Amino acid sequence: MDTKTLDLDIGGMTCAACVGRVERGLKKVDGVEEAVVNLATERATVTFDPARTNPAALIRKVEDTGYEARTAELSFPVEGMTCAACVGRVERALGKAEGVLNASVNLATERATVTYLPAATTPAALRDAVRGAGYDVPDEASQAQSRLDADRERKAAEIAALRRDVTFAAAFSIPLFLIAMVPMLYAPLHHWLLGAVGERTLNWVTLALAAPVQFGPGLRFYRTGWAALRHRSPDMNTLVMLGTTAAFGYSLLVTLAPGLFPPGSAHVYYEASAVVITLILLGKLFEAIAKGRSSEAMRTLLALQPNTARVQRGGEVLEVAADDVRLGDLVLVRSGERLPVDGEVVDGRSYVDESMLTGEPVPVEKLPGTKVTGGTVNGNGALTFRATGVGADTALSRIIRLVEGAQASRPPIQGLADKVVAVFVPVVLVIAALTFLAWMLIGGEGALANALVHTVAVLIIACPCAMGLATPVSIMVGSGKAAQMGVLFRTGAALEGLGRAGVIAVDKTGTVTRGAPEVTEAVSGQPSAVSEDELLRLAAAAESSSEHPLARAIERAARDRGLSIPTATDFEAVPGYGLRATVEGRRVEVGAARYMARLGQNGEGLDLGELGTQAGALAARGRTPVFVAVDGVLAGLIAVADPVREGSAEAIRAMQAQGAEVAMITGDTRATAEAVAREVGVTRVLAEVLPEGKADAVAELQAGGRAVAFVGDGINDAPALARADVGVAIGTGTDVAVETADVILMSGDLRGVPNAVALSRATLRNIRVNLFWAFAYNVLLIPVAAGVLSAWGITLSPVLAAAAMGLSSVFVLTNALRLRGFRPPLAPQPPQGTPDLKPVTA
């Protein structure tokens, strides 16, 4: 069965109970296989069978549960339509696009109007759908509104609406609070007020102040709270609705018919309902502001996408919306500009700041033929490049999707909060009912008033906002911070799991090492008159006709030293031994020790002498010694190896310091593997492992019951990445490895692993603190609100309960925001360049 996954932006959720109700509602829709809702990102991810349901049905279900599924509308021109059949074709193409709810095309105005889900698609994808149907969409840079702008507008509108409600509620609640509370604190003023105005008149005045709050800003709690109650899934809004309604309704009866109440119980509590609503709205305002800050990393990523691009079409340079850049377009970038899309440089030379991708601070040189990435910043030079990745196919877009996916996913640790919240609100309602009954039975004189006050306090203090935010907001901030460090977590489970890994297994080639042979040392023999540079130059000339990987390494080393490589003649390969050639009239022979043993005037072989000892030392360090003879005389040796990446040893030491066992898995020979392991400090080596055996090697490490993270970069690493508890791919590796992994290191630097582990652990600690605060807060304060400690004079009024409830959510959000200040243990270092080629001694 083919399934589809759709993202929905959900409005109106306030707590974990809201999340649960939306999830349960969506899962009841026929054809829905899975629904995951995230409170922090206000998004639902739904997997469903398109043959049995559709996005419109999902939206109806969300609205039926009392929430809003946000949609957007886009209008853009379409060229090339000539008849009604064209209109139908464009409408059908748009209707098939992901997340489109409705598409209408007008032939007369040549415009398409689309209603779509902004979480599921983009304006660029919709225009591409029209182009795919064979029609043209003219560039409209002025109409291009980025998703960042839309998100900011929505958040700003939400904050503005809350600010208006808080201001309105406070305008009535503050005088109401002063009238009700100040006279109680100063008895003479209380007696004067009662004598001057009268208790009944005072009650009517306080009613006039409370009613606009209860049925103005307070209406939002009735709308969602009643819908939740109707669906038998009470939430925070239900608790606020019941609590404030009880206080307001009781006070209204006292005002209208005071004779119905026993002596001593005819008191009004208008200030409780109004001030509670005001304080809760104030808490929601602070929460909205903090949530906006928690998504700052995502907004930073989105802001990296330029709105416009300069492209060369038809012999002229046009400025178009970045979304309208097409594959193959020549894109022009001036000094200091941000690249709009991915591509390959065809003209120009510059240095590009890629720190947004890799976290590395040093700009990277770009020449014709090198690849560039959208969102990076051009340096002083001008570049012209051919677009190879546009729209949703750019590296930046993929990064944003990965970060969004991680933020929206649910880590295992949230299961505890979900289980508690599922029963929490119903339990609170039972506790509130028992509180009311208990006070009515034992309250004595004023029992009704005491029962009301304590019941309302219980309902208000128990709002589960903090529980619902405890995990997702930490995941949201943590994954965003990781993206800024060049570490991408695919899921919240990966963010949680990496910190718990007891064993970190690393591939050798391309992960611990650079993955390509390089010259590491050049040694001139004695008493040879050939210098090291001359030795390298002659060897490179002789190797220029060879196809061996070591030959390419020697050539690169000579060029990196700025040496000119002469042309070689009379080239002859000696299979299994080496090669010979004539360079500038001199006979040059390059090969292994066994080749040198065949040379000499009478074939008695060349004496390796001290060079032989040095070659043995190099081989013990994982180097491959290559001897060079010139005119029958041993001139020196060149050591070639796959060198260890800068920072690999430092990274492995950091992982070990974090308490993880580091193991190396490789298909290379044991001698070479152990040489590299000694160099970087790895004590456990699994060598000569075939590609298909790497997954088995991971399973062997898992046998002790410890969680294993595997770090690799190649196609042959994909099975091991999938088998590990957490797969970590070097981002500079193959697409297969990157697609299989749970975590991606964009920099290709192994130091990203301990940094990612440290961030994972910091995020887990942050979540635990949040959950502890959210649970402990309710466990401790519900009994106080119920009046258990009233015999000792310790009580909690509804007003204080509302303030405490709001502060708990603000605390959780503020605690999560601390992750924005996380500092990785290993800061990125500038690349060291080509290593110096120095002689070694035995």
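This one's a predicted model, so the numbers in the text were calculated from it and none came from an experiment.

Caption draft 1: Up close: the overall build of the chain. When helices and strands are tallied, the chain shows 30 helices and 29 strands. If you take every contact in the chain between residues at least 6 apart in sequence, the share linking residues at least 24 apart comes to 70%. For the chain, the accessible surface area stands at approximately 35,400 Å², while carbon and sulfur atoms represent 57% of it.

Caption draft 2: Quick look at the pattern of salt bridges. Under the definition given, this model contains 31 salt bridges. Close ionic contact of Glu42 with Arg70 constitutes a salt bridge, the shortest N to O distance being 3.7 Å. Taken together, the residues Glu42 in the loop between strand 2 (32-38) and strand 3 (43-48) and Arg70 in the loop between strand 4 (68-69) and strand 5 (72-77) connect sequence positions 28 residues apart. Measuring nitrogen to oxygen at the nearest pair gives 3.6 Å for the salt bridge that ties Asp136 to Arg326.

Caption draft 3: View of helix 26 (residues 694-702). Turning to helix 26, its buried residues number three or more, namely Lys694, Ala695, Ala697, Val698, Leu701 and Gln702. The buried residues of helix 26 occupy an angular sector of 160° when projected down its axis, which confines them to one face. The elements touched by buried residues of helix 26 are strand 18 (503-507), strand 25 (661-665), strand 26 (684-686), strand 27 (708-712) and helix 27 (718-723).

Caption draft 4: Expanded view of a nonpolar patch on the surface. A cluster of nonpolar residues, Val430, Leu434, Phe436, Leu437 and Met440, forms a patch on the protein surface that exposes about 440 Å² of accessible area. Within the secondary structure, Leu437 is located in helix 14 (residues 414-442).

Caption draft 5: Representation of the sheet that holds strand 15 (residues 377-378) within the structure. Read across the open sheet, the three strands follow the order 13-12-15; overall the sheet is antiparallel. Of all the strands in the sheet, just strand 13 (364-366) and strand 15 have a single pairing partner and so form its edges. Judged from the two bridges that link them, strand 12 (residues 350-353) and strand 15 form a sheet pairing that is antiparallel. Bridged to Asp353 within strand 15 is Val377.

Caption draft 6: Molecular detail of the packing of aromatic side chains. Following the criterion strictly, the structure yields five aromatic pairs and no others. Note on Phe168 and Phe172: the rings are 5.1 Å apart at their centroids and 50° apart in plane angle, and the pair reads as tilted. Taken together, the residues Phe168 and Phe172, both in helix 5 (residues 147-185) and four residues apart, mark about one turn of the helix. Exposure remark for Phe168: the relative accessible area of 37% places this residue in the partly exposed category. Between Phe215 and Tyr222 the ring centres are 6.3 Å apart and the planes differ by 25°, which places this aromatic pair in the stacked class. Using a relative accessible area of 45% as the deciding quantity, one classes Phe215 as partly exposed. On the accessibility criterion, Tyr222 (21% relative accessible area) is partly exposed. Of the aromatic side chains, those joined through ring pairs into one cluster are Phe215, Tyr222, Phe248 and Tyr270.

Caption draft 7: Representation of the pairing of strand 16 (residues 383-389) in the model. A large share of strand 16 lies buried, amounting to five of its seven residues. Sheet topology places strand 10 (residues 330-333) next to strand 16; four bridges connect them, and they run antiparallel. Note that in strand 16 the partner of Val331 across the bridge is Phe385. With six bridges joining them, strand 11 (residues 342-348) and strand 16 adopt antiparallel strand pairing. Counterpart to Val345 in the pairing with strand 16 is Phe385.

Caption draft 8: Inspection of the sheet that holds strand 11 at higher detail. Taken together, six strands build an open sheet; the order of strands is 9-8-10-16-11-14 and the sheet is antiparallel. Every interior strand has two partners, whereas the edge strands, strand 9 (316-321) and strand 14 (371-372), have only one.

Caption draft 9: Structural view of the packing of helix 15 (residues 447-461) against helix 29 (residues 752-786). Between helix 15 and helix 29, whose axes approach to 8 Å, the crossing angle comes to 165°. The angle between helix 15 and helix 29 falls in the class roughly antiparallel. Of the two elements, helix 15 crosses helix 29, and the hand of that crossing is right-handed. Two secondary-structure elements touch here, helix 15 through His454, Ala457, Val458 and Ile461 and helix 29 through Tyr777, Asn778, Leu781, Ile782, Ala785 and Ala786. Counted by class, the contact of helix 15 with helix 29 contains eight nonpolar, two polar and no charged residues.

Caption draft 10: Fine view of helix 4 (residues 123-132). With respect to burial, helix 4 is a largely interior element, seven of its ten residues being buried. Listed as buried for helix 4 are Pro123, Ala124, Leu126, Arg127, Ala129, Val130 and Arg131. At the C-terminal side of helix 4, Gly134 shows a positive phi close to 100°.

Caption draft 11: Layout of the UniProt feature "transmembrane region" (unreviewed entry) in the chain. Feature annotation in UniProt places "transmembrane region" (unreviewed entry) on residues 168-189, 201-219, 239-261, 267-286, 420-442, 448-471, 771-793 and 799-817, given in this structure's numbering. Regarding residues 267-286, the helix share stands at 85% and the strand share at 0%, and the terminal C-alpha atoms are separated by 33 Å. The span residues 771-793 shows a helical share of 70% and a strand share of 0%, and its end C-alpha atoms are spaced 30 Å apart.

Caption draft 12: Structural view of the side chain of Glu555. Topologically, Glu555 is positioned in helix 21 (residues 549-560). Glu555 gets classed as buried once you look at its relative accessible area, which sits at 9%. Among the polar contacts made by the side chain of Glu555, one reaches the side chain of Arg552 at a distance of 2.3 Å. Beyond its immediate stretch of four places on either side in the chain, Glu555 contacts Ala540, Glu543, Ser544 and Ile565.

Caption draft 13: Inspection of the confidence of the model for the chain at higher detail. Residues of the chain with pLDDT of at least 70 account for 83%, and the chain-wide mean is 80. Highest mean pLDDT in the chain belongs to strand 10 (92); lowest belongs to helix 28 (residues 735-740) (56). Confidence drops under a pLDDT of 50 for residues 141-145, and excluding neighbours within four residues, the segment shows eight contacts in the predicted structure. Predicted confidence is poor over residues 830-842, with pLDDT under 50, and the contacts of this stretch with residues over four places away or in other chains come to 33 contacts.

Caption draft 14: Molecular detail of unusual backbone geometry. With a phi angle near 55°, Glu584 is a residue other than glycine that sits in the positive phi range. Relative to the helices and strands, Glu584 resides in the loop between strand 21 (578-583) and strand 22 (586-591). The phi dihedral of Asp631 falls on the positive side, at around 55°, and the residue is not glycine. By the element assignment, Asp631 lies in the loop between strand 23 (624-630) and strand 24 (633-641). The class of Asp631 is partly exposed, set by a relative accessible area of 39%.

Caption draft 15: A look at the environment of Asp696. Relative to the elements of secondary structure, Asp696 occurs in helix 26. Through-space distance from the C-alpha of Asp696 to that of Ala720 is 7.8 Å; in sequence the pair is 24 residues apart.

Here is what the cut-offs are and how they apply
- Residues numbered from 1 in each chain as written.
- Predicted model: local features only at pLDDT ≥ 70, side-chain atom pairs only at ≥ 80, totals over all residues.
- Heavy atoms only, no water.
- Helix = DSSP H or I, 4+ residues; strand = E, 2+ residues; numbered from the N terminus.
- Contact = heavy atoms within 4.5 Å.
- Areas by Shrake-Rupley, 256 points an atom, 1.4 Å probe, with all protein chains shown as cover.
- Salt bridge = Lys/Arg side-chain N within 4 Å of Asp/Glu carboxyl O.
- Buried < 20%, exposed > 50% of the residue type's maximum accessible area, 1.4 Å probe, protein only.
- Arc of directions from axis to C-beta.
- Patch = residues over 30% accessible without salt bridge, like charges linked within 9 Å, V, L, I, M, F, W, Y side chains within 5 Å.
- Pairing = 2+ DSSP bridges.
- Phe/Tyr/Trp six-rings, centres within 6.5 Å; stacked < 30°, edge-to-face > 60°.
- Axes fitted to C-alpha atoms, helices over the stretch in contact; angles between N-to-C directions.
- Parallel < 35°, antiparallel > 145°, perpendicular 65-115°, else oblique.
- Left-handed = near helix turned anticlockwise from the far one by under 90°.
- Nonpolar A, V, L, I, M, F, W, Y, C, P; charged D, E, K, R; others polar.
- UniProt positions renumbered as here; feature names shortened; annotations may be inferred.
- Polar contact = N/O pair within 3.5 Å; in protein donor to acceptor, adjacent residues only side chain to side chain.
- pLDDT = per-residue confidence, 0-100.

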